[in-house]
Each structure stands twice: as structure tokens, then as C-alpha cells.
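Residues per chain are reported as follows:
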Amino acid sequence: MKPIDLNVHQTAELKKRSRFWLIPQILLPVLVVAVSIFLSNTLVATKPDVPQRPPREQVYIVDTEPVALAANRPMLQVFGTLAAARNVELRALVAGEVVSVMPDLVVGATVRKGDVLVQIDRFDYEGAVTEAEINLAEAEARLAENRARLVLEERSIARYAEQLDFAEKDLERARNLLKSGNITQRGLDERELVVSQRRQALDQRRNTIDIEKAKVEQQAVSLKRLEWKLSQARRNLANTKLVAPFDGIVTSENVEAGRLLNVNDLAVAMYEDDRLEARFVLSDRQYGELALDDAPVIGRDIEVVWHVGGEPVRFAAVIDRVGAEIAPERGGVEVYARIPQQQTRVGLRPGAFVEVTVPGRAFPASARLPETAVYNNDHVFAVVDGRLAKRPVTVEAWDNGTVIVSGELKDGEEVLTTRIAEVGEGLRVREPGTGKARAKPADDDVAAR
């Protein structure tokens, strides 16, 4: 008989017992979960019904702006510089020593029209005027003498013609007497000689008259030359003074008393301070839009702004002329605007950097709205009875935070200007502070966002 292994027997018993206790451990959690589900379903099924509020329609608080149909113009903003419309360089027109200079003739000084800036020595030029006057007086006297001789010759020729007539009549009588034998041939010949002499004398007088007329004409031409010489001498005398041609500002000076100036030497340069102009460039597109406008480019009113000490100073200007050609290196057309008068306490100076505002092309029957009013660049939303209605539009121009549009807009209707992500046709809106939508509200009016 084999001996029994107690360890093996005990191990088998323990396995049987563990299988017995495993079944309750598994069933208990399952039972707990099932009971929980049953109780939860029972509570849900037996709870009392709670009245539910119907879903609310959202109303957006928005800003609007009324449509005002008109001929709107965008304002073109460009930059430019100031320049003098009239500059002049005063050069010496005659040579000579500078005897006087206007006091305080320095760069930046203000001069008035007619001020004598520089005086050149007048002595030689006054002598030239005196000599020219004397020569002219002598020529006038000779002309008067020649004219008197001409008158004398013209008067004497009548007497020579009368004497020739008497001699011819006497010759005719002698010829008649010769036929009757009352006069000899010699007497006839003598009378014919007298007629010939009288005719020759008359021809000489006529030639003398022609000569005297020629002398008169020659002296008259000489007189004109001497008159021009006198005018030239007087002009040279006047040119000994360099006079300011207009009110202006001195930009350079190169004279002092005692200096010898030659003809064409630069003495003073200046510009007219009351005729400044703004020079700026319009792009090809900007100039093309202005050219298509009904109003001409020349004569268009613009505004020039000069920032001085952080404060903008505004000037009215008028476009005076346009460049002759498009300048590729500057990217457009150069435009010149005249500033007629300086009406502010700040004196403009050439070279200043300025801002220029130019009224652009006019778009008739258009509306100016904030940029936020336009969606997708092709439509806006009008507020009709408290709801949004889509209006197709065409963007004509963008203008410094606003947009000019044309399309299916009515004058006076309100247009949405608030940006809404959920924007769409039929969306309910109201203005701030109204407390209700524009449409007639229902009894269960909704709250605003």
C-alpha cells in the first residue's frame, strides 16, 4: 500500500473552495450595476414634466447709416513739394563799378517791387546820353536845312517853267515872222537857243529837287539811327540800377560796393513769395480717372497741407498746368498747382514737403458708406422692417475709410455698418438703445446678443 501525499490532497481542496467563492464575487458587481440602472430608469420615468420655453430668435444690436445718393468724389491723397512759380536772376546789363548796394541785401531778405538793389556808376552812361542828344540835335538841324532847300527848289522850278513857256511862245512868233520876211534866220536861231537854254535850266532844277529829296531821306534815316543811339544810351543809363521786378525773397547775392561788374555777371537771385506752387505726381491710373471726369483737370481746386510744429496748416490751391508727358522714372504725370495767396500766419517756403488732396472723378447717383458696410466687395445689407435685406452694389472707389458704391440702393434707406460673422438675408437687428427690433416684435421678444 502506497503512502498518501498530504500536500497534494490539501492543494486540491483549496482549489475547490476558491472556485466556490469566485462565483459570488463576479455576480455581486453585476447585480449592483443592474439595480442602479433599474433605479435610474425608474426615476427618469417617474419624474414630473417641466414646461419648456420655445427656442428664441437672436437679435443683433447694430449700427446703421442712411443712404444719401449724390455725385460723390473720392479724395486722392498724394505728396509733393513746394516750389516758386517765378524765379529771377538779376545780372549786370552794363559794366561798371558798384557804387551802392541796398542795405540788408542778404539771403532771405524780403524786397519789394521797385526797390533799387544795386547801383552801378552812372558817369560814363550819362555822358553817352549827352553825346547822343547832341548828335541827334545836329542831325535834326541838318534835316531841317535839307527840307528848306527842297522847298526852295520846288518853288523856283515854277519860275523856270514859266520862263521856258515864254521862250517857246517867242520862238513860235519868230517862226511866223520868218515866213513873212520880217525877221532874219539869225533872229530865229537866237530864239531857239534861248528855248534850249531855258529847257536845260528847268531840267537842272528838277534834278536838283531829286537830289534834295534824296538828301532829306538820307538825313531822315540817319536821324532814326541817332534816335536809336539815344534810346540805347538812355537804356544803358537806366540799367545802371538793378531793380526788384516783384515782391520776393532773396536767395543769393554776390555784390558789394566797389566791386567791378561785367556784363552778365550774376548780382542777385530771388523768387516771388506770393506765387508759390505745389508740385506732385499723379499715377497713370489717378490721372486717367481725372481725365475721364466731366470737370477738367486744369482749374480744379485742391488742398495743400503743410505740417509745421505738429500742426497742419492748410492752403487752397488751383491746378495750373500738367506735365507735357508721362515720366516713367517718376511713375506718373507731374502736376503743378498754384497757391494764389498766403492767408495764414505761417510763411511758405520752397522745398517744403506737403500733403495734397485732389478731388477725384465724380460718380453720379452713388452713396458714400463706411468700409465696414461692404461684404465681399459686391453687396451690402439694408435694414428693412428690422431684418437684413441684401443689396448688390459696385464699388466705385475706396476713400480714406469710406467706400463709394452704386447699385440697387434707395435714397434714405438704412444700411448695416456693423460687421457680423453670421450675417445673412433676414437676420433680425436693432439699433443700440431702442430696446426692440425695428420689426414689430412678438410677445416673446428675444434677448439681444
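Residues numbered from 1 in each chain as written. Predicted model: local features only at pLDDT ≥ 70, side-chain atom pairs only at ≥ 80, totals over all residues. Heavy atoms only, no water.

A word on the nonpolar core
Right, on to step 1. With 42 residues, the main nonpolar core has L117, V118 and V268 as its most contacted residues.
Right, on to step 2. Contributions of two or more residues to this core are made by strand 8 (116-120), helix 2 (123-180), helix 3 (185-238) and strand 12 (266-272).
Right, on to step 3. Counting residues per element, this core draws most heavily on helix 2, at twelve residues.
Right, on to step 4. In contact with V118, not counting residues within four places along its chain, are V98, S100, T240, K241, L242, V255 and V268. (Core = buried A, V, L, I, M, F, W, Y, C linked by side-chain atoms within 4.5 Å. Buried < 20%, exposed > 50% of the residue type's maximum accessible area, 1.4 Å probe, protein only. Helix = DSSP H or I, 4+ residues; strand = E, 2+ residues; numbered from the N terminus. Contact = heavy atoms within 4.5 Å.)

Some details on the UniProt feature "coiled-coil region" (unreviewed entry) in the protein
Right, on to step 1. When the UniProt feature table is mapped to this numbering, "coiled-coil region" (unreviewed entry) covers residues 129-177 and 216-243.
Right, on to step 2. Annotated as 82% helix and 11% strand, the span residues 216-243 places its first and last C-alpha atoms 41 Å apart. (UniProt positions renumbered as here; feature names shortened; annotations may be inferred.)

With respect to the pattern of salt bridges
Right, on to step 1. This model, assessed by the stated rule, comprises 16 salt bridges.
Right, on to step 2. Here R279 makes a salt bridge to E277, at a shortest N to O gap of 3.1 Å.
Right, on to step 3. For R279, a relative accessible area of 30% gives the class partly exposed.
Right, on to step 4. Across the pair E289 and R285 runs a salt bridge whose closest N-O atoms are separated by 3.0 Å. Of this pair, E289 and R285 both sit in helix 4 (residues 284-292), separated by four residues, roughly a single helical turn.
Right, on to step 5. Salt bridges sharing partners connect three or more residues here, namely E277, R279, D320, R321 and R338. (Salt bridge = Lys/Arg side-chain N within 4 Å of Asp/Glu carboxyl O.)

Focus: the side chain of Q286
Right, on to step 1. Looking at the element boundaries, Q286 is found in helix 4.
Right, on to step 2. Not counting the four nearest positions on each side in its chain, Q286 is found in contact with L76 and V78.

Digging into the sheet that holds strand 13 (residues 276-283)
Right, on to step 1. Here we have six strands rolled up into a closed barrel, ordered 4-13-16-15-14-17, and antiparallel in their pairing. Neighbour-to-neighbour, the strand axes of this sheet turn through a mean angle of 40°, independent of strand direction.
Right, on to step 2. Where strand 4 (residues 75-84) lies against strand 13, five bridges are found, and the strand directions are antiparallel. Within strand 13, the residue paired with L82 across the bridge is A278.
Right, on to step 3. Helix 4 contacts strand 4, strand 13, strand 15 (311-322), strand 16 (332-339) and strand 17 (353-359) of the sheet and is inclined by roughly 105° relative to strand 13. (Pairing = 2+ DSSP bridges. Axes fitted to C-alpha atoms, helices over the stretch in contact; angles between N-to-C directions.)

Section: the sheet that holds strand 9 (residues 241-243)
Right, on to step 1. Spatial ordering of the open sheet is given by 9-8-6-11, a layout of four strands whose pairing is antiparallel. Among the strands making up the open sheet, the edge pair consists of strand 9 and strand 11 (260-261).
Right, on to step 2. Note that strand 6 (residues 96-101) and strand 8 share three bridges and pair antiparallel. Bridging from a neighbouring strand, S100 pairs with Q119 of strand 8.

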